[in-house]
Amino acid sequence: MSNQLTFAVPKGRILDEALPVMARAGVVPEGGFHDKANRSLTFATTRDDMRLIRVRAFDVATFVAHGAAQAGIVGSDVIEEFDYADLYAPVDLDIGHCHLSVAEPVGGAIASSHASHLSVATKYPNITRRHFEQRGVQAECVKLNGAMEIAPELGLAGRIVDLVSTGRTLKQNGLVETAKIMDISARLIVNRAALKTDARVAALVEAFRADAAQRSRDGALQEPA
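For clarity, every value in this text was computed on a predicted model and none was experimentally measured. (Residues numbered from 1 in each chain as written. Predicted model: local features only at pLDDT ≥ 70, side-chain atom pairs only at ≥ 80, totals over all residues. Heavy atoms only, no water.)

This part covers the layout of surface pockets. In this structure, the largest pocket encloses a volume near 700 Å³. As for the largest pocket, its lining consists of 31 residues, of which Arg 13, Asp 77, Lys 123, Tyr 124 and Leu 163 are closest to the centre. For the lining of the largest pocket, the elements supplying multiple residues, two or more each, are helix H2 (57–65), helix H3 (76–82), strand S9 (159–164) and helix H6 (168–172). Its residues placed into classes, the lining of the largest pocket shows 11 nonpolar, 10 polar and 10 charged. (1 Å grid on protein atoms, 1.4 Å probe; cavity = no way out; pocket = protein on both sides within 12 Å on 5 of 7 lines; lining within 4 Å. Points joined across faces, edges and corners; volume = space filled by probe spheres on them. Helix = DSSP H or I, 4+ residues; strand = E, 2+ residues; numbered from the N terminus. Nonpolar A, V, L, I, M, F, W, Y, C, P; charged D, E, K, R; others polar.)

This is the structure we're talking about:
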């Protein structure tokens, strides 16, 4: 179908939590999507007018911002890093919770607390520079896509900025959090032009928004009085 909607989802930590949310909003992938051995990037859905693409989280934002995909799910860290003008994040899905933090070797915090220039290993150079600039510090960012935790030990950078969930990986690599930059959750994102011109995109937004509101109400009812 030439007028198919393309819905982008990220590989990795968010996807397992996102799938039931997607299903309640009417976005259900074909069976092959769940086959761990399947290396395809494009999948059919139970809707004839929609397909899924499964790509890296950073690429989800790029596909949607440039209109190659009309909607998708990605962490707020990615949205903040790229700050695409054509990207709109209308729904906080309240899943994929973690935070973005500065971490450095245990015992290194005192030595660097008054530095005016720091080296930082991260895959979030834009967020990192803004964070340190607000504190009067110039951050030289070394861009890495993974294995951030070993950068200080190998002398590549004095500290890192990375996602933290339990903190276990930091501890195992002799690092400690020294500052939390932002809390993160997964968001529904849409292309602004598609939202204005395609009623199906607006309907998706409302479906995801209704599900998020219902889960919020259910959570409130389950809280102890």
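From this point on, the discussion continues.
Bringing the packing of aromatic side chains into the picture now. One pass over the structure, following the stated rule, counts 5 aromatic pairs. Both rings, one in Phe 33 and one in Phe 43, keep their centres 5.0 Å apart while their planes meet at 80 degrees; by these two values the pair is edge-to-face. Of this pair, Phe 33 sits in the loop between helix H1 (15–24) and strand S2 (42–44) while Phe 43 sits in strand S2, placing them 10 residues apart in sequence. Like Phe 33, the residue Phe 43 is buried in the burial classification. Ring geometry for Phe 58 and Phe 82: centres 5.3 Å apart, planes at 85 degrees, overall edge-to-face. Here Phe 58 is found in helix H2, whereas its partner Phe 82 is found in helix H3, with 24 residues between them in sequence. Through pairs of rings, three or more aromatic residues link up here, namely Phe 58, Phe 82, Tyr 84 and Tyr 124. (Phe/Tyr/Trp six-rings, centres within 6.5 Å; stacked < 30°, edge-to-face > 60°. Buried < 20%, exposed > 50% of the residue type's maximum accessible area, 1.4 Å probe, protein only.)

Our next topic: the nonpolar core. Within the largest apolar cluster, 29 residues are counted, with the highest numbers of intra-cluster contacts made by Phe 7, Met 22, Ile 73 and Phe 208. Among the elements of the structure, strand S1 (5–10), H1, strand S3 (50–55), strand S4 (71–75), strand S11 (186–191) and helix H8 (199–222) are those that each provide at least two residues to this core. Of all hydrophobic cores here, the second largest spans 28 residues; its members include Ile 53, Val 137, Cys 141 and Ile 189. (Core = buried A, V, L, I, M, F, W, Y, C linked by side-chain atoms within 4.5 Å.)

Time to look at the packing of H1 against H8. Between H1 and H8, the least distance of the axes is 9 Å, while the angle of their chain directions is 115 degrees. Taken together, the axes of H1 and H8 are roughly perpendicular relative to one another. Pair H1 / H8 crosses with right-handed handedness. Contact residues: Val 21, Met 22 and Arg 24 in H1; Phe 208, Asp 211 and Arg 215 in H8. For the contact of H1 with H8, a count of residues per class yields 3 nonpolar, no polar and 3 charged. (Axes fitted to C-alpha atoms, helices over the stretch in contact; angles between N-to-C directions. Parallel < 35°, antiparallel > 145°, perpendicular 65-115°, else oblique. Left-handed = near helix turned anticlockwise from the far one by under 90°. Contact = heavy atoms within 4.5 Å.)

On to the side chain of His 131. With respect to the helices and strands, His 131 occurs in helix H5 (residues 125–133). A residue is classified by how much of its surface remains accessible, and His 131, at 7% relative accessible area, is buried.

Inspection of every chain in the model, using the stated rule, returns 10 salt bridges. As a salt-bridge pair, Asp 49 and Arg 47 come within 2.9 Å of each other at their nearest N and O atoms. Using a relative accessible area of 17% as the deciding quantity, one classes Asp 49 as buried. Since its relative accessible area comes to 24%, Arg 47 is described here as partly exposed. In this structure, the salt-bridge partner of Arg 159 is Glu 104, at a minimum N-O distance of 3.7 Å. Of the two residues, Arg 159 sits in strand S9 while Glu 104 sits in strand S6 (residues 98–105), which places them 55 residues apart along the sequence. Note on accessibility: Arg 159 and Glu 104 belong to one class, buried. A cluster of three or more residues bridged by salt bridges with shared partners is formed by Arg 47, Asp 49, Asp 198 and Arg 200. (Salt bridge = Lys/Arg side-chain N within 4 Å of Asp/Glu carboxyl O.)

Those residues of H5 not exposed but buried are Pro 125, Ile 127, Thr 128, His 131 and Phe 132. Summarising the axial view, the buried residues of H5 lie within an arc of 165 degrees, below the 170-degree limit, and thus occupy one face. Looking at the buried residues of H5, the elements they touch are H3, S6, strand S7 (117–122), strand S8 (138–143), S9 and strand S10 (175–184). (Arc of directions from axis to C-beta.)

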